[in-house]
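Structural description and commentary
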Amino acid sequence: MKKPNLLVLGASGGVAKTVLHYLTHYRNMFGKVVLLDPHDGVRADPYLNHKALNYMFVQKKIIVPEKERKKENQLFLITAY
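The structure presented is a predicted model; accordingly, all values stated were derived computationally and were not measured.

So, about the overall build of the protein chain. A count of helices and strands for the protein chain gives four helices and three strands. If you list the helices and strands of the protein chain from N to C, you get β-α-β-α-β-α-α. The buried share of the protein chain, reckoned over its 81 residues, is 26%. If you take every contact in the protein chain between residues at least 6 apart in sequence, the share linking residues at least 24 apart comes to 52%. For the protein chain, the accessible surface area stands at approximately 6000 Å², while carbon and sulfur atoms represent 59% of it.

Take a look at the structure:
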């Protein structure tokens, strides 16, 4: 069975970093791990096991169109914005 890939939005945030600490124990369950954040904080974190996480970091800001921000079902995108 093919392993699912994992995309983490807002990877430099506190919740995401906590998840990444635990992810080192379950990394083998995923194919590619992509971390996306407009800030470089995750790569500078000396407490993360970067080698074990084997991730690709994308430093990019997500811009959600105004009309999409108003949809309640898109709330998760707004928090990553």
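Following the sequence through the fold, Y22 ends up in helix α1 (residues 14-23). Note on Y22: relative accessible area 56%, which makes it exposed. The spatial distance from the C-alpha of Y22 to the C-alpha of L53 is 9.9 Å, given a sequence separation of 31 residues.

As a further point, take α1. Among the residues of α1, those classed as buried are A16, L20 and L23. The buried side chains of α1 occupy one side of the element, clustering within an arc of 55° when seen end-on. Counted as exposed and oriented over 90 degrees from the buried face of α1: G14, V15 and Y22. In this structure, the buried side of α1 is in contact with β1 (6-9), β2 (33-37) and α2 (50-53).

Another aspect to go through is the nonpolar core. Counting residues in hydrophobic clusters, the biggest one holds twelve residues: V8, A11, A16, L20, L23, V33, L35, V42, L48, L53, Y55 and F57. Sorting the residues of this core by element identifies α1 and β2 as the ones contributing at least two each. Sorting elements by how many residues they give to this core places α1 first, with three residues. Setting aside anything within four residues of it in sequence, one finds V8 in contact with A16, V34, L35 and L36.

Further remarks concern the confidence of the model for the protein chain. Per-residue confidence for the protein chain averages 85 on the pLDDT scale, and 83% of its residues sit at or above 70. Predicted confidence is poor over residues 75-81, with pLDDT under 50, and the contacts of this stretch with residues over four places away or in other chains come to nine contacts.

By the element assignment, A16 lies in helix α1. By relative accessible area, A16 is classed as buried at 10%. Considering only alpha carbons, one finds A16 and L35, 19 residues apart in sequence, at a separation of 9.4 Å. For A16, the residues in contact, after removing those within four places along its chain, are V8, G10 and A11.

Scoring rules and cut-offs
Residues numbered from 1 in each chain as written. Predicted model: local features only at pLDDT ≥ 70, side-chain atom pairs only at ≥ 80, totals over all residues. Heavy atoms only, no water. Helix = DSSP H or I, 4+ residues; strand = E, 2+ residues; numbered from the N terminus. Buried < 20%, exposed > 50% of the residue type's maximum accessible area, 1.4 Å probe, protein only. Contact = heavy atoms within 4.5 Å. Areas by Shrake-Rupley, 256 points an atom, 1.4 Å probe, with all protein chains shown as cover. Arc of directions from axis to C-beta. Core = buried A, V, L, I, M, F, W, Y, C linked by side-chain atoms within 4.5 Å. pLDDT = per-residue confidence, 0-100.

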